[in-house]
Structure formats: C-alpha cells, structure tokens
Amino acid sequence: MHIESVTLKNFRNYETRTVEFKDGLNIVIGKNASGKTNLLESVYVAGIGRSPRTNKYKEMIKWGSDYAYIKVILKKNKTTHTIEYSIDNQDKKRIAIDGIPLVRLSEILGMLNIVFFSPDEMKLVKESPVERRKFMDISLSQQNKNYFNALSKYNNIIAQRNKLLKEQKDSPALKEMLYGWDVQLADYGSIIISKRYEFVDKIKVFANKMHSEISENRENLTLEYECDVPCQDIENIKNIFFKKLQDNYEKDVSLQYTSFGCHRDDIAIKINNTDARKFASQGQQRTVALSLKLAEIYFFESETGEKPVLLLDDVLSELDGGRRKKLMELSMGLQTLITCTDFDEDVNHNLIRISND
Ligand SMILES: Nc1ncnc2c1ncn2[C@@H]1O[C@H](COP(=O)(O)OP(=O)(O)O)[C@@H](O)[C@H]1O
Ligand SMILES: [Mg+2]
C-alpha cells in the first residue's frame with residue numbers, strides 16, 4: 001500500500017498543508033522544529049488512531065485552534081481510500097473511511113498499516129518488557145481485529161481484578177468474585193498468547209537474516225516469546241492459564257495485584273547465545289532494533305499480502321554508514337517516509353521540503 005497525499009488542518013504547527021508522496025523513498029527535509037516529526041505523527045495517527053508520542057490527543061491541535069484534521073489518501077490493492085481523522089477541543093475524535101463515519105476509534109486499525117521507527121524504538125532491546133510487549137501488541141493489533149479486541153478486554157479485566165484485590169482484600173467473597181474474571185482472563189489471555197507465539201515465530205527467522213547481514217555474519221540473533229504458559233494449542237493454553245490464576249490466588253491477595261498473566265510477558269533476545277537485553281552494546285542494540293522493525297515489514301506482508309508504509313523519524317543520523325546503506329536497500333521495495341535535516345545518499349528519492357516560516 002502507499003500514501004498518495006496527506007492534508008493537515010490545524011495539526012500541530014500546520015495551519016493548512018497538503019503533502020504529496022510517491023511510492024518508494026520520500027525524504028522529508030527541514031530544519032529543527034520545522035514540523036517533520038509532526039508530519040509523520042499525523043500519518044501514524046491516521047493508521048493507528050493514536051499518537052506515538054502522547055496520550056493526550058488534544059496536544060495535537062494547533063495552539064489557539066479548536067480542532068485538528070488529518071486526511072490521508074492511500075492506495076491499496078489498486079483501490080484508492082480516504083481516511084479522515086479529526087479531534088476537537090472537547091477531546092472528541094471523529095474518523096471516517098471513504099466518507100463513512102466509524103462507530104469506534106479502533107475500527108481504523110488495518111486500513112493503513114504502519115511500521116514506525118524513531119530513536120525511541122532504538123531502545124526496544126534494553127528498555128523494560130513493556131516496550132517489547134508494545135511492539136508485539138501494536139503490530140498484531142493492526143493486522144488482527146480479534147487480537148486487538150482480546151487485548152482491550154484483557155487489560156480492562158486486569159484493572160478490575162487488581163482493584164478488587166486491593167479494595168476487597170478482606171472480603172470472604174473475594175475468591176468467588178474473582179472466579180468470573182478469571183474465566184474471562186484465561187479466555188482472552190489464550191488468544192493473546194497464541195498470537196504472540198505465532199508472531200515471534202514468524203519474525204525471528206527474518207530478523208536473524210537481517211541481523212546477520214548487517215553484522216556481516218558475525219552475529220546470530222535469536223528471539224523467543226517468554227511466557228509462563230508453554231506454546232501449544234489454544235484450548236490448552238486457556239486451561240493452563242486458568243489453573244495458574246487459581247494457583248496464584250493467595251499470592252495475588254497478598255501482593256494485591258495479578259502476578260500471573262500475559263501482561264507480564266517478554267521477548268527474549270539473544271546475540272550469539274548471550275542475553276542482549278542485558279549485555280548488548282549500543283551498536284548491537286541498534287542492529288537488533290533495526291532487524292526487528294524490518295522483520296515486522298515482512299510479517300505484515302505475509303499476513304496481509306500488502307507491504308506497510310515505513311516511517312523513519314530521524315534515525316539515519318543514529319546509524320553508521322553500513323546500517324544506513326542496508327536500511328536504504330530494504331526500504332526501496334516499499335513506501336518509506338524518512339525525516340532528516342540533510343540527505344546526501346546516492347539513491348532515487350522524492351524530496352519534500354518543510355519549513356516553519
Ligand atoms: N499543538 C501544537 N501547536 C502548534 N505548534 C506545535 C504544537 N505542538 C508542537 N508544535 C511545534 O512544532 C514544532 C516541532 O515540530 P517537530 O515536528 O517535532 O519538528 P522537527 O522538524 O524537528 O521534527 C515545534 O516548533 C513546536 O513548538
Ligand atoms: Mg523531529
């Protein structure tokens with residue numbers, strides 16, 4: 001798929017602006033604070049429904065205005081689609097696809113698939129498991145509505161369950177109250193876990209291929225989904241999940257939170273059999289993050305038959321020549337939007353100049 005144009009009204013520092021993109025490499029160039037990241041952010045919002053950098057939607061409205069509007073025209077399977085997204089100062093979001101309003105924000109997922117890479121993603125390896133779960137969750141939610149629904153329900157139930165564990169810790173009826181939640185947690189949890197096993201299984205082959213190419217065959221990258229429930233069919237995962245919740249009852253009561261479940265899982269990342277989360281050098285961390293993101297592209301393509309749009313915000317300057325070259329090579333086959341302050345690579349590209357004057 002590829003984006004043909006983005007129109008912004010009162011989005012961040014943009015009053016009104018339409019930017020046209022080509023298939024292949026698009027370089028967004030401009031001084032610091034000119035609005036390059038803002039432009040990529042708007043594309044991300046049209047794809048995922050939320051910002052990669054803030055949970056406060058209203059921050060995206062141009063200061064002094066009372067709404068922000070994004071329109072993306074994209075081509076997918078040779079068909080043109082329009083996504084319109086607006087947000088007003090009451091925090092109300094309105095989304096329409098091809099002119100038809102969506103009932104729920106989350107229905108936007110899957111229309112425009114995005115792989116986003118910014119200096120923040122470089123931390124994927126060393127940061128806490130939260131970041132690695134987010135990586136799986138955002139990717140899977142974009143191409144699987146079931147996954148997204150299971151995840152939202154699961155997170156809600158965990159919040160309710162933890163609230164009960166805190167507020168009703170002395171109640172004799174607590175165990176009974178939790179029972180109903182636990183049945184549902186095991187249900188949704190088993191969907192999440194089985195999809196994540198599949199996800200990691202699929203991306204690991206490609207991620208290792210990328211990683212060994214970038215490291216000139218010196219390093220072997222292995223990925224493994226870390227979960228207390230072993231990989232097996234979904235019915236068994238559900239049963240084990242439920243049993244573990246029951247077994248952990250006393251522990252949860254004393255801790256006052258849910259100590260078991262897929263909200264605590266991780267991806268184990270090893271380079272030449274050593275835990276990269278603990279020991280990877282900065283260069284290695286970057287190579288792994290890059291390999292994971294490039295593997296995500298492959299994953300999208302294998303799941304949906306379409307390549308996603310790759311957004312690279314300010315990452316070129318963080319990569320050395322070899323890694324940069326590899327990234328360029330790989331971003332030839334799909335639409336890529338790259339922001340930078342200067343660009344002198346010898347590759348064919350569409351140049352978009354941004355200025356704030
Ligand atoms: N809601 C907003 N309204 C108006 N301007 C904003 C808003 N949010 C951020 N900005 C401005 O946008 C600019 C930063 O844009 P950004 O896309 O991050 O720049 P860069 O080109 O360096 O990536 C800053 O000048 C900031 O003040
Ligand atoms: Mg920026």
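The structure under discussion appears in the preceding block.
Residues numbered from 1 in each chain as written. Chains lettered and ligands numbered in written order. Predicted model: local features only at pLDDT ≥ 70, side-chain atom pairs only at ≥ 80, totals over all residues.

Caption draft 1: Region of interest: the overall build of the protein chain. If you tally the helices and strands in the protein chain, you get nine helices and 14 strands. Relative to the compact-globule value of 21 Å for 357 residues, the protein chain shows a C-alpha radius of gyration of 22 Å, a close match. When its C-alpha atoms are laid out on the principal axes, the protein chain stretches across 65 × 55 × 35 Å. The buried share among the 357 residues of the protein chain stands at 39%. A separation threshold of at least 6 residues defines the contact pool for the protein chain, and within that pool the share at least 24 residues apart is 73%. (Helix = DSSP H or I, 4+ residues; strand = E, 2+ residues; numbered from the N terminus. Rg over C-alpha atoms; globule rule 2.2 N^0.38 Å. Buried ≥ 20, exposed ≤ 12 C-beta atoms within 10 Å, placed from the backbone. Contact = placed C-beta atoms within 7 Å.)

Caption draft 2: Broad picture of the site of ligand 1. The environment of ligand 1 is formed by 14 residues, the closest being Asn13, Ala33, Lys36, Thr37 and Asn38. Here the residues of the shell around ligand 1 sort into three nonpolar, seven polar and four charged. (Near = placed C-beta within 6 Å. Nonpolar A, V, L, I, M, F, W, Y, C, P; charged D, E, K, R; others polar.)

Caption draft 3: Representation of unusual backbone geometry within the structure. Phi angles above zero are rare outside glycine, and Arg12 is one such case at about 50°. With respect to the secondary-structure elements, Arg12 resides in the loop between strand S1 (2-11) and strand S2 (14-20). On the neighbour-count criterion, Arg12 (17 C-beta atoms within 10 Å) is partly exposed. Even without glycine at this site, Gln256 takes up a positive phi of about 65°.

Caption draft 4: Representation of the pairing of strand S12 (residues 309-313). Taking burial as the measure, the five residues of S12 include five buried ones, the bulk of the element. Both faces of S12 are covered, namely the face carrying Val309, Leu311 and Asp313 and the face carrying Leu310 and Leu312. Of the pairings in the sheet, the one linking strand S8 (residues 114-117) to S12 comprises four bridges and is parallel in character. Of the residues in S12, the one forming a bridge with Phe117 is Leu312. Strand direction decides the pairing type here: S12 and strand S13 (residues 336-340), joined by four bridges, are parallel. The partner of Asp313 across the bridge, within S13, is Thr339. (Pairing = 2+ DSSP bridges.)

Caption draft 5: Focus on the packing of helix H3 (residues 145-167) against helix H4 (residues 174-214). At a closest axis distance of 9 Å, the pairing of H3 and H4 adopts a crossing angle of 150°. Comparing the axis directions of H3 and H4 gives the class roughly antiparallel. In the packing of H3 onto H4, the handedness of the crossing is left-handed. Where H3 abuts H4, its residues Asn146, Tyr147, Ala150, Leu151, Lys153, Tyr154, Ile157, Gln160, Arg161 and Leu164 lie against Leu174, Met177, Leu178, Trp181, Gln184, Leu185, Tyr188, Gly189, Ile191, Ile192 and Lys195. When its residues are assigned to classes, the contact of H3 with H4 shows 14 nonpolar, four polar and three charged. (Axes fitted to C-alpha atoms, helices over the stretch in contact; angles between N-to-C directions. Parallel < 35°, antiparallel > 145°, perpendicular 65-115°, else oblique. Left-handed = near helix turned anticlockwise from the far one by under 90°.)

Caption draft 6: Region of the structure containing the sheet that holds strand S14 (residues 350-353). Spatial ordering of the open sheet is given by S8-S12-S13-S3-S14, a layout of five strands whose pairing is parallel. The open sheet has two edge strands, S8 and S14, and neither has a second partner. Looking at each pair of strands side by side, their axes are set apart by 15° on average, direction ignored.

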